Amino acid sequence: MTAFDLRRQDCVKGMSRLPGKHVDLVVTSPPYNLGVDYKKYSDRQDRQSYLRWCREWAEEVRRILRPSGSFFLNIGSAPSNPMLPHEIVMELTSVSSGFVLQNTIHWIKSISIEERNGAARSYGHFKPISSKRFLNDCHEYIFHFTKTGRVEIDRLALGVPYQDKSNISRWRHTCGSDLRCRGNTWFIPYETIQSRAKERPHPATFPVQLAEWCIKLHGISRVHTMLDPFLGIGNSAIAAQRCGVKEFIGFEIDETYVAEAKRRLSL
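Figured I'd write up the structure that's included with this text. No experiment lies behind these values; they were computed from the predicted model shown.

**Structural notes on the environment of Ala-157**
So, step 1. The topology assignment puts Ala-157 in the loop between β7 (139-146) and α4 (166-170).
So, step 2. Owing to a relative accessible area of 33%, Ala-157 belongs among the partly exposed residues under this scheme.

Listed below in structure tokens is the structure:
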């Protein structure tokens, strides 16, 4: 059973009261500063103020993260503002913030594949844009930060079978197993819903499966305490529950989102 500690509180203030080196895993997605209509937060700061704020909460994340811990940060951008995720990475890997970028994962939300017979198939969901300059944005980033850049991960926890089975015997590192590392492109589509207000009452969530994969990649057996500084409606908490994480801490400033998270967790 997962023990939940969900707090309606600003994450910087809340994390400052946690002991250092207390958390094994952080999985989160902060506001992107792209003008999303949240109820309790203005997503329209000037660029430098937003980046300073990111550095502020990231420094608290680093303080409470164990040396062997992982911090998975989901960040998206807009076609007209493509550098924002990379600017955040620069802030978090600065001398003051002190993180090391260990892996960059591309979360593919929608993809179209032309098969060998010429048929084109599309999978997943995306938000279309009307533009004569930009392409539809069908992916986001998941940045994997650690304190040292040397944290071992469970690469095969998300393993996939080899398409060419001859690789199993041809490559020594397979040890005879039909399982290879999935790599850094994750196709995770949203579940289809009929009503956002009833089924996904939050303007910007990541799928539960995304958080589950982050937990599994770090190593389920190595996660005792997990944290999400920007809880939203609790998708990361649901992932923790599904994976059997012992303790989960979440911060959220909007009481309606906290209430929805607790409802979904049957708390």
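Next comes the rest of the account.
**Here we look at the sheet that holds strand β1 (residues 3-8)**
So, step 1. One open sheet holds the eight strands; their spatial order is β1-β10-β9-β2-β3-β7-β4-β8, and the pairing between them is mixed. Two strands close off the open sheet at either side, each with one partner strand: β1 and β8 (185-187). Going across the sheet, the axis of each strand differs from the next one's by a mean of 20°, ignoring polarity.
So, step 2. Here strand β4 (residues 100-108) pairs with β7 via eight bridges, running antiparallel. For Val-100, the partnering residue across the bridge sits in β7 and is Thr-146.
So, step 3. Lying on the sheet, helix α3 (residues 84-92) is in contact with β3 (65-75), β4 and β7; it crosses β7 at an angle near 5°.

**Considering the packing of helix α2 (residues 47-64) against α3**
So, step 1. Interaxial distance between α2 and α3 falls to 9 Å at its minimum, and their mutual angle equals 45°. Relative to α3, the element α2 lies oblique. α2 and α3 meet at a crossing whose hand is right-handed. Within the contact between the two elements, α2 uses Arg-47, Tyr-50, Leu-51, Cys-54, Arg-55 and Ala-58 and α3 uses Leu-84, Glu-87, Ile-88, Glu-91 and Leu-92.

**With respect to the packing of aromatic side chains**
So, step 1. This model, assessed by the stated rule, comprises 13 aromatic pairs.
So, step 2. Centroid distance Trp-53 to Trp-57: 6.3 Å. Interplanar angle 70°. Geometry classified as edge-to-face. Here Trp-53 pairs with Trp-57, and both are found in helix α2, just four residues apart, close to one helical turn.
So, step 3. Consider the rings of Trp-53 and Phe-230, whose centres lie 5.6 Å apart with planes at 70°: the pair is edge-to-face. Taken as a pair, Trp-53 in helix α2 and Phe-230 in the loop between β9 (225-228) and α7 (235-243) lie far apart in primary sequence, 177 residues in all. Each member of the pair Trp-53 and Phe-230 is classed as buried.
So, step 4. By way of ring pairs, the aromatic residues Tyr-50, Trp-53, Trp-57, Phe-71, Phe-99, Tyr-141, Phe-143, Phe-145 and Phe-230 are connected into one cluster.

**Quick look at the side chain of Asn-33**
So, step 1. Within the secondary structure, Asn-33 is located in the loop between β2 (23-28) and α2.
So, step 2. Residue classification places Asn-33 among the buried positions, given a relative accessible area of 11%.
So, step 3. Engagement of the side chain of Asn-33 in a polar contact is seen with the backbone nitrogen of Gln-45, the distance being 2.8 Å.

Thresholds, definitions, all that
- Residues numbered from 1 in each chain as written.
- Predicted model: local features only at pLDDT ≥ 70, side-chain atom pairs only at ≥ 80, totals over all residues.
- Heavy atoms only, no water.
- Helix = DSSP H or I, 4+ residues; strand = E, 2+ residues; numbered from the N terminus.
- Buried < 20%, exposed > 50% of the residue type's maximum accessible area, 1.4 Å probe, protein only.
- Pairing = 2+ DSSP bridges.
- Axes fitted to C-alpha atoms, helices over the stretch in contact; angles between N-to-C directions.
- Contact = heavy atoms within 4.5 Å.
- Parallel < 35°, antiparallel > 145°, perpendicular 65-115°, else oblique.
- Left-handed = near helix turned anticlockwise from the far one by under 90°.
- Phe/Tyr/Trp six-rings, centres within 6.5 Å; stacked < 30°, edge-to-face > 60°.
- Polar contact = N/O pair within 3.5 Å; in protein donor to acceptor, adjacent residues only side chain to side chain.

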